[in-house]
Amino acid sequence: MRSTNEEQNKYVYDVRGLNLWYGDNQALKDITMGVEENEITAIIGPSGCGKSTFVKTLNRMIESIPIVRTEGEILYHGHDIFGSHMMVEELRTRVGMVFQKPNPFPKSIFENVVYGPKIHGVKDKKILMEIAEQSLRGAALWDEVKDRMSENAYSLSGGQQQRLCIARTMAVSPEVILMDEPTSALDPVATMRIEELMEDLKKEYTVIIVTHNMQQAARISDKTAFFLSGELIEFDMTHKIFSNPQDKRTEDYITGRFG
Amino acid sequence: MGKNSIREIIQNNIRNKNHFSDKVMPKVFFVMASISVITTFGIVYTLIFDSIKFFSQVPIREVFSTNLNPLSRDPSFGFLPLLNGTLLTTIIAMIVAVPVGMAAAIYLSQFASAKLRKVLKPILEVLAGIPTIVYGFFAYSFVTPLLMNLIPSLGAKNALSPGIVMGIMIIPMVASLSEDAMNAVPTIMKDGALGLGSTKLETTLKVIIPASISGIVASIVLGISRAIGETMIVTIASGSSKNFTFDITQSMQTMTAYIVEFTSGDAGSGTVGYYSLYAVGLILFVFTLGMNLIAQYISRKYREEY
Ligand SMILES: Nc1ncnc2c1ncn2[C@@H]1O[C@H](COP(=O)(O)OP(=O)(O)OP(=O)(O)O)[C@@H](O)[C@H]1O
Ligand SMILES: [Mg+2]
């Protein structure tokens, strides 16, 4: 995947004219946008506008739905992710994903965190321990679980489970983390902890986060993309979107006039 | 129609409702449920009652011997040859059913397209619906001759062929129940593994199977219990040799086949031979009951919490 134009393209993700259909139903319409390194990009828009579809396309998770058809290009560091030289497994280790509902595996906390490294061939127990500690610290969960690493992950609270899933994603050292409404199943306190975490994540990762929570988007993101019925209506600096949107529809949405 | 009049209609109907069936039907359901429970107790009672007559006449040491000769003038009732026959045919059956059934379940639940699954699953279920006498005939007149080409010393009646065919018969059960267990693993958990860059196969082996292990093991244990209780196939294809042997190319009698042989008229009512049927029946019952309890225990104990 590495090549010379990796450095030439300033975008981590460069999406060009992306169209996507579920059968005959078009869910994404001519999306063009670039995502820069070490930024948090928020994706907002009313239910059904294609936010989940969009982020699931970025790591090709969308392919598990057989009726999906795509058109257009998504360049990841200058390489077409649909290209034949792109291995989907490699893409997914470089682009991690955190889901709407916490989805730990029915294994111990430790086994959850080191699942990725183990699958990809890291066997040394000491290295795995190190990875586990680092990732759990990164997800601000270490202090809460360091004495119960062998307990089942489902003994954790929902908010802890979600941070465990973030740690699990970090354990394979991705460059990008995709998050699809990662706090929508959590209470305000657990949500706040994850939001605090985002500031730190930004230093090491490029984050793309779908959220229904406008305040959350405004608080944590650098850029915001507003989707409506499968179209990208506006994409700009977050403070601009929220203070001075260019499109009437964006303004209507963020002021709560519809959606 | 206004809100109030709709409310009036509903309230009237509720007040005038005939509550007879609400009172009677639960009682009918209770009686129906009781019938099956009572029948079970009846069977167990007969088994135990007549087994006691057997065990009072035959010393327990004789029961655990290898000498089974129920029809001679000086009969001997060592059940080890029967236990051995049942055990060996069951092991052979599971050696066939577990790998093939698991592979089929993995393929159907994780790899087959929805279209293909729609075709394959009903076919699998047809396999489960074939009467066992047909399987027995298939073992005797097709599989045994086929195996004779490979193993010239194979007897016309032997343990191997019915064992294999019993395995084939159990495949749909293992496959179908295991597939259900694997399908019950939430998609979001599978997505979690795929999202970390695992291949489909890695996801299946490292996440889906561990998450559904209780259902899978339960399906295998139920398969074993089915093999232990299977009668027709072994009666037809394994014969009635009462020798104690581990040579699966030779005829062996299973517990079930023994019961078939002696209920077809050889043992006079009231003789020890006659009561031996109940003793064997009781042993069979204990075995299959034990297997079912194990299956239940496993699916409870190892139920993954998610
Ligand atoms: N598996 C699917 N099969 C067919 N159509 C789908 C599927 N998933 C989503 N869609 C359709 O694609 C469109 C976009 O859905 P998507 O889930 O991306 O919306 P969303 O913006 O994430 O909504 P929400 O905010 O409710 O999560 C919707 O019209 C939806 O009906
Ligand atoms: Mg969504």
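First, a word on scope: everything that follows refers to the structure included in this document.

Procedures and definitions
- Residues numbered from 1 in each chain as written.
- Chains lettered and ligands numbered in written order.
- Predicted model: local features only at pLDDT ≥ 70, side-chain atom pairs only at ≥ 80, totals over all residues.
- Heavy atoms only, no water.
- Axes fitted to C-alpha atoms, helices over the stretch in contact; angles between N-to-C directions.
- Helix = DSSP H or I, 4+ residues; strand = E, 2+ residues; numbered from the N terminus.
- Parallel < 35°, antiparallel > 145°, perpendicular 65-115°, else oblique.
- Left-handed = near helix turned anticlockwise from the far one by under 90°.
- Contact = heavy atoms within 4.5 Å.
- 1 Å grid on protein atoms, 1.4 Å probe; cavity = no way out; pocket = protein on both sides within 12 Å on 5 of 7 lines; lining within 4 Å.
- Points joined across faces, edges and corners; volume = space filled by probe spheres on them.
- Nonpolar A, V, L, I, M, F, W, Y, C, P; charged D, E, K, R; others polar.
- Buried < 20%, exposed > 50% of the residue type's maximum accessible area, 1.4 Å probe, protein only.
- Salt bridge = Lys/Arg side-chain N within 4 Å of Asp/Glu carboxyl O.
- Near = heavy atom within 4 Å.
- Polar contact = N/O pair within 3.5 Å; in protein donor to acceptor, adjacent residues only side chain to side chain.
- Areas by Shrake-Rupley, 256 points an atom, 1.4 Å probe, with all protein chains shown as cover.
- Phe/Tyr/Trp six-rings, centres within 6.5 Å; stacked < 30°, edge-to-face > 60°.
- Lys NZ or Arg CZ within 6 Å of the ring centre and 35° of its normal.
- Buried area = accessible area lost by both parts, 1.4 Å probe.

Residue and element names in this part refer to chain B. In the contact formed by helix 8 (residues 187-195) and helix 9 (residues 200-211), the axes pass within 9 Å of each other and the chain directions differ by 140°. As summarised for this structure, helix 8 and helix 9 are arranged oblique, according to the angle between their axes. Seen from above, helix 8 lies across helix 9 with right-handed handedness. Where helix 8 approaches helix 9, its residues Met-189, Lys-190, Ala-193 and Leu-194 are matched on the opposing element by Lys-200, Thr-203, Val-207, Ile-208 and Ala-211.

Before going further, it helps to spend a moment on the layout of surface pockets. Put simply, the largest pocket is a space of about 880 Å³. In terms of residues, the lining of the largest pocket owes the most to one element, helix 8 of chain B, which gives 5 residues. Taken together, the residues of the lining of the largest pocket break down into 15 nonpolar, 9 polar and 11 charged. If you trace the second largest pocket, you find 18 residues lining it, with Met170(A), Ala171(A), Val172(A), Ser173(A) and Tyr205(A) closest to the centre. The set of elements that each furnish at least two residues to the lining of the second largest pocket consists of helix 3 (88-94), helix 6 (125-138) and helix 9 (188-204) of chain A.

Next up on the list: the environment of Leu28(A). Residue and element names in this part refer to chain A. Here Leu-28 lies in strand 2 (residues 25-36). Residue class for Leu-28 comes out buried when judged on its relative accessible area of 0%. With 188 residues separating them along the chain, Leu-28 and Gln-216 place their C-alpha atoms 24 Å apart. With residues near it in sequence (within four places) discarded, Leu-28 still touches Leu-18, Asn-19, Leu-20, Gly-50, Thr-53, Phe-54, Thr-57, Phe-227 and Gly-230.

Attention now moves to the pattern of salt bridges. The full count for this structure, using the stated rule, is 24 salt bridges over all chains. Residues Asp50(B) and Lys53(B) are paired through a salt bridge, measuring 3.4 Å at the closest nitrogen-oxygen approach. Note that Asp50(B) and Lys53(B) are positioned in helix 2 (residues 20-57) at a spacing of 3 residues, about one turn of the helix. Its relative accessible area of 9% is what places Asp50(B) among the buried residues. Residue Lys53(B) is classed as partly exposed on the basis of its relative accessible area of 30%. Connected through shared salt-bridge partners, Lys10(A), Glu36(A), Glu39(A) and Lys223(A) make up one network.

Residues and elements named next belong to chain A. With respect to spatial proximity, the complete set of residues near ligand 1 consists of Tyr-22, Ala-27, Ser-47, Gly-48, Cys-49, Gly-50, Lys-51, Ser-52, Thr-53, Ile-65, Glu-181 and His-212. Measuring from an oxygen atom of ligand 1, one finds a side-chain N or O atom of Ser-52 at 2.7 Å. Within the side chain of Glu-181, an N or O atom sits 3.4 Å from an oxygen atom of ligand 1. Alone, ligand 1 offers 630 Å² of accessible surface; in the complex the protein occludes 64% of this. A per-element tally of the shell around ligand 1 places helix 2 (residues 51-58) first, with 3 residues. Of the residues in the shell around ligand 1, the class split is 4 nonpolar, 6 polar and 2 charged.

With that settled, consider the packing of aromatic side chains. Any two aromatic rings considered together are summarised by their centre-to-centre distance and by the angle between their planes. One pass over the structure, following the stated rule, counts 14 aromatic pairs over all chains. Aromatic side chains Phe79(B) and Tyr258(B) sit 6.2 Å apart centroid to centroid with 65° between the ring planes, which places their arrangement in the edge-to-face category. Placement of Phe79(B) in the loop between strand 2 (76-77) and helix 4 (80-111) and of Tyr258(B) in helix 12 (residues 255-266) is noted, with a sequence separation of 179 residues between them. By way of ring pairs, the aromatic residues Phe54(B), Phe55(B), Phe77(B), Phe79(B), Tyr258(B) and Phe262(B) are connected into one cluster. Lying over the aromatic face of Trp21(A), Arg69(A) brings its terminal NZ or CZ to 4.3 Å of the ring centre. Across from the ring centre of Tyr140(B), 5.1 Å away, lies the NZ or CZ of Lys157(B), which sits over that ring.

Inspection of the entire model under this criterion finds 1 cavity of 30 Å³ or more. Roughly 30 Å³ of internal volume is contained in the largest cavity. Of all elements in the fold, only helix 8 (158-170) of chain A together with helix 8 of chain B reach the threshold of two or more residues within the lining of the largest cavity. Considering only residue class, the lining of the largest cavity consists of 3 nonpolar, 3 polar and 1 charged.

Contacts between the two partners involve 20 residues from chain B, matched on the other side by 20 residues from chain A. Both sides of the chain B and chain A interface together cover about 1700 Å² of buried area, and 66% of this is carbon and sulfur. Considering only the side of chain B, the residues that lose the most area to chain A are Ile188(B), Gly195(B) and Leu196(B), jointly responsible for 34% of the buried surface there. Counting the contacts that link chain B with chain A gives 4 residue pairs in polar contact (both at pLDDT 80 or more). Of all the elements in the fold, those that place two or more residues in the side of chain B that touches chain A are helix 8 and helix 9 of chain B. Sorting elements by how many residues they give to the side of chain B that touches chain A places helix 8 of chain B first, with 7 residues.

The next point concerns unusual backbone geometry. Residues and elements named next belong to chain A. Unlike most non-glycine residues, Ser-173 shows phi in positive territory, near 50°. Mapped onto the elements of the fold, Ser-173 is located in the loop between helix 8 and strand 7 (176-180). Residue class for Ser-173 comes out exposed when judged on its relative accessible area of 57%. If you check the backbone angles, Ser-229 has positive phi at about 40° while not being a glycine. Tracing the sequence through the fold places Ser-229 in the loop between strand 9 (223-228) and strand 10 (231-237).

On their own, these measurements won't tell you what the molecule is for.
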